[in-house]
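Fold and geometry: a report
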Amino acid sequence: MEQHLEITADAVSRMPRERLLAAWTVLTEAVVEQALVSVSPLLDLPEIGASLDERITESVETARQLEGAAAAVLTISRSADALVRVMAAEHAEAVRQVEALEFEHLRDVSYPLAPGEFAGDSFGPALGMSSGAAGAMADDAAQLRCRHSELLRSALRGEVRFATVAAIASELEHVEAPDLDEVNRLLAAGSIPTMTVEGARRQTKRLLRSLGLARPVDPVEQRREMGVWFSPHLEFDQLTEMRVVLDSVDAATVRAAIDARAQFLRDNAPRSGDGAGHGLFAGPSRADALVDLLLGQATVTTTLHLRVPVRPPTSSPAEPLSSRSVLARAHGSTGCSGENSARKNAAAWFGDDVRMPFGDVEVPGVGIVDAATVRALAGAVGTKFVSEFVAVDGERVTTLATVTDSYRPTTLVERTVKTRDGHCRFPYCTRPADVTDVDHVIPFAEGGATSPANLQCLCRHHHRAKTFGGFAVVMQADGECLWESPTGHRWLTLPSGPTLPQPAVFTAPAA
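Residues numbered from 1 in each chain as written. Predicted model: local features only at pLDDT ≥ 70, side-chain atom pairs only at ≥ 80, totals over all residues. Heavy atoms only, no water.

As named in an unreviewed UniProt entry, the chain is HNH endonuclease signature motif containing protein, taken from Dermacoccus barathri.

Counting secondary structure elements, the chain contains 16 helices and 14 strands. Within the chain, the fraction of its 511 residues that count as buried is 31%. Surface exposure of the chain reaches about 30,700 Å², of which carbon and sulfur atoms provide 57%. (Helix = DSSP H or I, 4+ residues; strand = E, 2+ residues; numbered from the N terminus. Buried < 20%, exposed > 50% of the residue type's maximum accessible area, 1.4 Å probe, protein only. Areas by Shrake-Rupley, 256 points an atom, 1.4 Å probe, with all protein chains shown as cover.)

What follows covers the side chain of Arg425. Here Arg425 is to be found in the loop between helix H15 (411-421) and strand E9 (437-440). A residue is classified by how much of its surface remains accessible, and Arg425, at 1% relative accessible area, is buried. Reaching out from Arg425, the side chain makes a polar contact with the side chain of Asp421 at a distance of 2.9 Å. In this structure Arg425 touches Arg420, Gln456, Cys457, Leu458, Gly479, Glu480, Cys481, Trp483, Thr493, Leu494 and Pro495, once residues within four positions along its chain are discounted. (Polar contact = N/O pair within 3.5 Å; in protein donor to acceptor, adjacent residues only side chain to side chain. Contact = heavy atoms within 4.5 Å.)

Within the open sheet, the four strands sit side by side as E11-E12-E13-E14. Their pairing is antiparallel. Of all strands in the sheet, those bounded by a partner on one side alone are strand E11 (472-475) and strand E14 (499-502). Averaged over all pairs of adjacent strands, the angle between their axes in this sheet comes to 25°, without regard to strand direction. Across four bridges, E11 lies against strand E12 (residues 481-484) in antiparallel orientation. (Pairing = 2+ DSSP bridges. Axes fitted to C-alpha atoms, helices over the stretch in contact; angles between N-to-C directions.)

Take helix H11 (residues 248-267) next. Here H11 is 20 residues long and its end C-alpha atoms lie 28 Å apart, about the 28 Å a rise of 1.5 Å per residue gives. Taken together, the buried positions of H11 are Ser248, Val249, Ala252, Ala256, Ala257, Ile258, Arg261, Ala262 and Arg266. In this structure Asp247 caps H11, since a side-chain oxygen of it lies 3.0 Å from the backbone nitrogen of Val249. (Expected span 1.5 Å × (residues − 1).)

This paragraph deals with the nonpolar core. Counting 24 residues, the largest nonpolar core has Leu144, Phe162, Val165, Leu172, Val175, Val183 and Leu187 as its most contacted members. If you list the elements that add at least two residues to this core, you get helix H3 (52-103), helix H5 (131-147), helix H6 (149-156), helix H7 (162-171), helix H8 (179-189) and helix H9 (197-210). Here this core gets five residues from one element, more than from any other, and that element is H7. Sequence-distant contacts of Val165, defined by excluding residues within four places in its chain, comprise Leu144, Leu151, Ala155 and Val160. (Core = buried A, V, L, I, M, F, W, Y, C linked by side-chain atoms within 4.5 Å.)

Quick look at the packing of H5 against H7 now. The N-to-C vectors of H5 and H7 enclose an angle of 70°; their axes lie 10 Å apart at closest approach. Comparing the axis directions of H5 and H7 gives the class roughly perpendicular. Our pair here, H5 against H7, has a crossing hand that is left-handed. For the pair H5 and H7, the contacting residues are Asp140, Ala141, Gln143 and Leu144 in the first and Phe162, Val165, Ala166 and Ala169 in the second. (Parallel < 35°, antiparallel > 145°, perpendicular 65-115°, else oblique. Left-handed = near helix turned anticlockwise from the far one by under 90°.)

Scanning the model with the defined rule gives 21 salt bridges in all. Here Lys418 ties to Glu414 by a salt bridge, and the two come within 3.3 Å at their closest N and O atoms. Separated by four residues within a single helix, Lys418 and Glu414 lie in helix H15, roughly one turn from each other. Accessibility expressed as a relative area gives 30% for Glu414, which makes it partly exposed. Lys466 is the partner of Asp439 in a salt bridge, and the nearest nitrogen-oxygen pair spans 3.4 Å. (Salt bridge = Lys/Arg side-chain N within 4 Å of Asp/Glu carboxyl O.)

Written out as structure tokens, the structure is:
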């Protein structure tokens, strides 16, 4: 069978493009027609056994085969999507060459058109899409081919969505060689292409900041992006959507005020005779809180927490920064200079020779507070910084937080876990950590500790999947979680990071 596949692949690789695409179309239609009749022709289904155990085993094997078939189809789908975009780029180049040759005959005529300007106007309608969408496809593929060939190959092989690699490329538009070569090398060696579009965008920005290659800020352009917009809700005529773009510091403060008021509304919501509260959903309560604050119907005293990275204090300026690290947390307070407080705490740990410039702060769900603003906050009356020391293993940082003997984690432990995870830790789930449960990986009743090394963020659905759905998870002290599905598939989820597929462990079906 393997020899037959090798011969077929070799023959297919030598086919002209037209015949190859025709064969691909025929194969696709055949698979679809079989799937429309029944999924079973796509699978090698065993006979149903007489015993309950055999029937369960066969059902699990069927589910596993369906997962494998779907993964293969998804790979083909992603590959086809990337190929269409590469063809759009090739089409645009072909049209450009034709028009460039034709324009040579117009040297003495003023002609205000650029070669290839209307390529999308023929390619788009041929695919049933707008000219602008076709032009954007061509531009993205051309940029990837020129500057990020390895990422483009990953998309063409179906390993990652084209939209993901295009988002990465857009974040790297300002990076030039030789820095771009180093960034591409790190991207190829890392796990960014396995992430979602937004996850890849965030990770790329973090990488650029760590290398000192963050995109230069244009204050004028940044100011132009700010604003408030209203639009009708797409489903309910009585609702209106509001989109707001703010400075990150203002946004973090506004968010803290809304959350504080929303919590007050939930705590004081009227309750019915059976004890069920009214209006306790997080979304509506935050909307009510926003209206109250905007219309002056409430005043809230808020505390803004920032987990601030600081440069490790060293006795030698040449000592590598990755050798050890300190984190500072900003708390609302009065009458303290945060920088002096952080220096005092660091001096107690490392000695008197302390140099601790603050770094940029990433506020989950909000954005980046730059180091200059952090320094201004640290020196302002009413702000206090308290340093929180961490252990460093390579590039992985594990917070040294207290452990409690009770089932419910302390505020510090819960905040540490949610800051570390950033989102639900189930494979590929991106639900924000602030709306998740803090779950004991090893159940508390079975001796599991209430500590960051045994706690993870799970949304309610995936919390139930872990408890009742047959999913297993093992957590390392640094926060890495290894998941296994009931059908034997495995994934590694990293704190505030991507999901990495792992080699599956399958149990052979019963004979």
